[in-house]
Amino acid sequence: YCKRALNSVAKLIEADPKLRVVLKDFPILGPDSVEVAQIATAARMQLDSQKFWDFHRKLLSTRGHIGKQQAMAAAKEVGADMTRIEKDMSSAETKAALDEVAALAAQLRFDGTPAWVIGKEAIVGGVPFAQLKAKIENMRKCGKTAC
């Protein structure tokens, strides 16, 4: 579902330069997912926002299973320092960042991905582009996702 949601997020960003998108890595699919989230968190520490977005798009555009090999390849492709990635993926800072995301997900009662926060509304699951766009527009218009 996250792979499918990528296109919606990309279209939202392209259509609305004022939109603020915050990506959080929430590993829910087992050990491989945790390892990929560690790599993504390490990449976030060294890449500027555009390069990280490029990494994220490459990662989620990967066909089939995504594990350490695919995440490392995506990081390398966008110019990440691979020695630093290896070091940072097991750092205390990375663990703290992923623990923070897990705590936030628990607080918001997220039990799956993708998940969205628009204003004060939390939404879990694949939401079509048109619905996301409408919720964002409503938030700006009346302060709620549904006016």
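Our structure is the block above this text.
Throughout what follows, the structure given in this document is the object of discussion.

## Considerations on the pairing of strand β1 (residues 115-118)
Part 1 of the reasoning: Burial of the side chains of β1 is restricted to one face: Trp116 and Ile118 are buried, whereas none of Ala115 and Val117 on the reverse face is.
Part 2 of the reasoning: In this structure, the hairpin formed by β1 and strand β2 (residues 121-124) is closed by a connection of 2 residues, where Gly119 is found at a positive phi of approximately 65 degrees.

## Some thoughts on helix α3 (residues 49-60)
For the α-helix, the turn length of 3.6 residues means that residues three or four positions removed from each other point alike.
Part 1 of the reasoning: With 12 residues, α3 extends 16 Å between its outermost C-alpha atoms, agreeing within 8% with the 16 Å of an ideal straight helix rising 1.5 Å per residue.
Part 2 of the reasoning: For α3, every residue scored as buried is listed here: Phe52, Trp53, Phe55, His56, Leu59 and Leu60. Down the axis of α3, the buried side of the element spans an arc of 155 degrees, and every buried residue falls inside it.
Part 3 of the reasoning: Along its buried surface, α3 packs onto α1 (2-15), α2 (31-46) and α4 (68-77).
Part 4 of the reasoning: Where α3 begins, one side-chain oxygen reaches toward the backbone nitrogen of Gln50, 3.1 Å away; that side chain belongs to Asp48.

## Describing the packing of aromatic side chains
Part 1 of the reasoning: In the structure shown here, the tally under the stated rule is 1 aromatic pair.
Part 2 of the reasoning: The interplanar angle of 35 degrees and the centroid separation of 5.7 Å between the aromatic rings of Phe52 and Phe55 together place this pair among those described as tilted. Placement of the pair is Phe52 and Phe55 together in helix α3, with a separation of 3 residues, close to one helical turn. The residues Phe52 and Phe55 share a single accessibility class, namely buried.
Part 3 of the reasoning: Positioned over the ring face of Phe129 is Lys11, at 4.2 Å from the centre of the ring.

## Here's the deal with the environment of Lys133
Part 1 of the reasoning: Secondary-structure assignment places Lys133 in helix α7 (residues 129-142).
Part 2 of the reasoning: Sequence separation between Lys133 and Ala103 is 30 residues, and the spatial gap between their C-alpha atoms is 27 Å.

## Focus on the pattern of salt bridges
Part 1 of the reasoning: Across all of its chains, the model carries 8 salt bridges by this definition.
Part 2 of the reasoning: Taking the shortest distance from any N to any O, the salt bridge between Lys58 and Glu77 comes out at 3.1 Å. In this pair, Lys58 is assigned in helix α3 and Glu77 in helix α4, connecting sequence segments 19 residues apart.
Part 3 of the reasoning: The exposure class assigned to Glu77 is exposed, which follows from its relative accessible area of 56%.
Part 4 of the reasoning: Between Glu137 and Lys133 there is a salt bridge whose closest N-O contact spans 3.0 Å. Of this pair, Glu137 and Lys133 are both found in helix α7, 4 residues apart, which corresponds to roughly one turn of the helix.

Cut-off values and rules
Residues numbered from 1 in each chain as written. Predicted model: local features only at pLDDT ≥ 70, side-chain atom pairs only at ≥ 80, totals over all residues. Heavy atoms only, no water. Buried < 20%, exposed > 50% of the residue type's maximum accessible area, 1.4 Å probe, protein only. Helix = DSSP H or I, 4+ residues; strand = E, 2+ residues; numbered from the N terminus. Pairing = 2+ DSSP bridges. Expected span 1.5 Å × (residues − 1). Arc of directions from axis to C-beta. Contact = heavy atoms within 4.5 Å. Polar contact = N/O pair within 3.5 Å; in protein donor to acceptor, adjacent residues only side chain to side chain. Phe/Tyr/Trp six-rings, centres within 6.5 Å; stacked < 30°, edge-to-face > 60°. Lys NZ or Arg CZ within 6 Å of the ring centre and 35° of its normal. Salt bridge = Lys/Arg side-chain N within 4 Å of Asp/Glu carboxyl O.

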